[in-house]
Amino acid sequence: MAHGCSGWAAGASAGAGARLDGVEIVFVRHGEPAWAFEGRPEMDPRLTERGREQARLVAERLAPRRVDAVLVSPARRARETAAPLLERLGARPVIVDDFLEIRLPDYSQQSLHDVARVFAEARKRNPEEWWDGIPGGESFRDFRARVERGVRAMLADHGVEPLPEHHDALYRETAEPKQRIVVVGHGGTNTVAMGVLLGFESAPWEWERFALHHTGISRLRTIPLGAGVVFSLQAHNDCEHLSRELRTR
């Protein structure tokens, strides 16, 4: 597995027409969001100026290669991140509601200090309590089930079905197995989705287990194994399109 530019380039350096062997899913986290607006928390933030530059650069990096579908979270920060790539591709997004980040309580009328305190206190909880999510928001159990539902639907739409009689992480390609799918999502949705595809046992701190920078690229592809195929993690949090000054979390 590669963590730098080689992880992306090694997959298919021949450009947009390169032949694919199997299904490749490219996860991109959104760019840097403007979480505060006029001193208050912003629940559906736009990108910062730096976030827009991150989005432009990741689009510049992804667009030269073949892309068969772009799946996007409905959140504004994800849609704005996907926009430069879609423009370059001349494509339309597939908005996937299940790929929205874990839902939080409405903090829009609270101070930034109070919200920071809520999150700081939440991190001190017993690990088992993390399954409940932030008080007043979506539980991690419900969040993971929602993301898994979105992953299963994405695979079905692209001709990949599970083979649970053999293993939870084993799949069969039922359609043309040469597709590249880009998913523009969030730190939570992308890491949970990768865990589902790889067959990892879930934990309610996936954000920490699979750390992602803004517009960090993670790439999985199918490889033959036994009676079917499995997803192999080829690159994770690849940020080679970003200068050091543009690498944010």
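Residues numbered from 1 in each chain as written. Predicted model: local features only at pLDDT ≥ 70, side-chain atom pairs only at ≥ 80, totals over all residues. Heavy atoms only, no water.

Trainee: Let's hear about the pattern of salt bridges: which residues, and what values?
Mentor: Where charged atoms of side chains with opposite charge meet at close range, the side chains can pair. Scanning all chains against the criterion turns up 22 salt bridges. A salt bridge links Glu208 to Arg123; the shortest N-O distance between them is 3.1 Å. Taken together, the residues span a long stretch of sequence, with Glu208 in helix H7 (residues 206–209) and Arg123 in the loop between helix H4 (112–122) and helix H5 (140–157) at a distance of 85 residues. Judged by its relative accessible area of 42%, Glu208 is partly exposed. The structure contains a network of salt bridges with shared partners spanning Glu24, Arg65, Arg180 and Arg219. (Salt bridge = Lys/Arg side-chain N within 4 Å of Asp/Glu carboxyl O. Helix = DSSP H or I, 4+ residues; strand = E, 2+ residues; numbered from the N terminus. Buried < 20%, exposed > 50% of the residue type's maximum accessible area, 1.4 Å probe, protein only.)

Trainee: Please give an account of the layout of surface pockets that cites residues and values.
Mentor: The computed volume of the largest pocket comes to approximately 1,300 Å³. What lines the largest pocket is a set of 39 residues, and nearest its centre among them are Trp35, Glu101, Leu104, Phe119 and Trp207. By residue class, the composition of the lining of the largest pocket is 24 nonpolar, five polar and 10 charged. (1 Å grid on protein atoms, 1.4 Å probe; cavity = no way out; pocket = protein on both sides within 12 Å on 5 of 7 lines; lining within 4 Å. Points joined across faces, edges and corners; volume = space filled by probe spheres on them. Nonpolar A, V, L, I, M, F, W, Y, C, P; charged D, E, K, R; others polar.)

Trainee: How would you summarise the packing of aromatic side chains if you had to cite specific residues and measurements?
Mentor: All told, the structure shown has eight aromatic pairs when counted by the stated rule. Ring plane angle 65 degrees and centroid distance 5.8 Å describe the contact between Phe140 and Trp207, whose orientation is recorded as edge-to-face. You can see Phe140 sitting in helix H5 and its partner Trp207 sitting in helix H7, a full 67 residues away along the chain. Here a set of aromatic residues connected by ring pairs shows up, and it is made of Trp131, Phe140, Phe143 and Trp207. (Phe/Tyr/Trp six-rings, centres within 6.5 Å; stacked < 30°, edge-to-face > 60°.)

Trainee: Report on the environment of Ser111, specifying residues and quantitative values.
Mentor: If you trace the backbone, Ser111 turns up in the loop between strand E5 (94–95) and H4. Sequence separation of Ser111 and Arg40 is 71 residues, and the distance between their C-alpha atoms is 5.8 Å. Looking at Ser111, its side chain comes within polar contact range of the main-chain nitrogen of Asp114, at 3.0 Å. (Polar contact = N/O pair within 3.5 Å; in protein donor to acceptor, adjacent residues only side chain to side chain.)

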